[in-house]
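Spelled out, the chains give:
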Amino acid sequence: MTDLRTVIAALTAEAAEVDSIVADLSTEQWRLDTPAPGWKITHQIGHLAFIFRIAGMAAADPAGFGELTSGVKDGKAFDAAVNGALAEFVNDPPEALLSRWRAERDAGIKALAAVPADALVPWLVNPLPPFVLACAGMMELFAHGQDIADALDLQPVRTDRIVFLAGFIARTWNFGYQARNLPTPDVEFRFELTTPSGQPWATGPEDATQRITGPVLDLCLLATRRRHRDDLALTATGDVAEQWLDIAQAYRGPAGPGRRPGQFRR
């Protein structure tokens, strides 16, 4: 699936799902700690607001985006810039933060949807097709939405929309190696997974010797490092695939501590 209109619709729906979780929170709930060390729910929404702001700028104002990100082309520098930007959001009253998140979200999605499907959008390391950048947005919403849901002891609604994230994970499977300064193996992966609705979904060469099988949801939780592999029903075939389950991540930069085995109920 590479249709821009379809992924924009999925991105919009995922953003609305995150919004529905935080829309009616009390001031005390906005200040709850999330599983990400040092991040409260305010940090999670502030981060999403910032990410959608720069995605919208990349799509609508490439020159401005280049100026903004000229010094943050590597993962560590970008993490520092994101953390610095959080100060702009986290001290807002909840109603102001909610309003800013919605405005940045809507503007970012609108700008991305307006990019010709065959164009490239500047991004942190390499320019990306708007379809791929929208899938990266799905990853951000999934990961930070999961943190918020965990803080509130909720189970997020997961639909087959997350296959866009699964495709992004398959595309960026080497990020875990790059984050740890490990050589990327010269192999190809086959992913054979089951969607939340029970449908089969697969990508990668059918004759690949390195294979990952299991639920799409579990792959997304693993590669966003929101669950430990011991708590997921993913199976690896091949030594490289087995190692990959330990280091998988769908984002550039430091891996972070991840989650402990058994930290959350299945």
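Up top is the structure these notes are about.
Residues numbered from 1 in each chain as written. Predicted model: local features only at pLDDT ≥ 70, side-chain atom pairs only at ≥ 80, totals over all residues. Heavy atoms only, no water.

Re the side chain of D150
Working step 1: Checked against the element boundaries, D150 lands in helix α7 (residues 130-151).
Working step 2: If near-sequence neighbours (up to four positions away) are discounted, D150 is found in contact with P35, R227 and F264. (Helix = DSSP H or I, 4+ residues; strand = E, 2+ residues; numbered from the N terminus. Contact = heavy atoms within 4.5 Å.)

Quick notes on the packing of aromatic side chains
The geometry of two aromatic rings is summed up by the distance between their centres and the angle between their planes.
Working step 1: Taken as a whole, this structure holds eight aromatic pairs when the rule is applied.
Working step 2: With centroids separated by 5.5 Å and ring planes inclined at 10°, the aromatic side chains of F65 and W123 adopt a geometry described as stacked. A residue pair is termed long-range when its members are at least 10 positions apart, and F65 in helix α4 (residues 62-68) and W123 in the loop between α6 (94-113) and α7 qualify at 58 residues. The burial state of F65 is the same as that of W123; both residues are buried.
Working step 3: Between the aromatic rings of F189 and W244, the centroid separation amounts to 5.6 Å while the plane-to-plane angle is 50°, which identifies the pairing as tilted. You can see F189 sitting in strand β1 (residues 189-194) and its partner W244 sitting in helix α11 (residues 239-247), a full 55 residues away along the chain.
Working step 4: When its relative accessible area of 6% is taken as the criterion, F189 is described as buried.
Working step 5: The class for W244 is buried, based on a relative accessible area of 1%.
Working step 6: The structure contains a cluster of three or more aromatic residues connected by ring pairs, namely W173, Y177, F189, F191 and W244.
Working step 7: R227 extends its terminal NZ or CZ atom over the ring of F264, reaching a point 3.9 Å from the ring centre. (Phe/Tyr/Trp six-rings, centres within 6.5 Å; stacked < 30°, edge-to-face > 60°. Buried < 20%, exposed > 50% of the residue type's maximum accessible area, 1.4 Å probe, protein only. Lys NZ or Arg CZ within 6 Å of the ring centre and 35° of its normal.)

Let's talk about the sheet that holds strand β3 (residues 210-215)
Working step 1: Taken together, the four strands give an open sheet; going across it, the order is β2-β1-β3-β4, and neighbouring strands pair in mixed fashion. Unpaired on one side and paired on the other, β2 (200-203) and β4 (235-237) mark the two borders of the sheet. Adjacent strand axes in the sheet meet at a mean angle of 15° when their direction is disregarded.
Working step 2: Its contacts with the sheet place helix α10 (residues 216-223) against β1, β2 and β3, and it is angled at close to 110° to β3.
Working step 3: Strands in contact with α11 are β1, β3 and β4; relative to β3, the strand with the most contacts, it is inclined by about 50°. (Pairing = 2+ DSSP bridges. Axes fitted to C-alpha atoms, helices over the stretch in contact; angles between N-to-C directions.)

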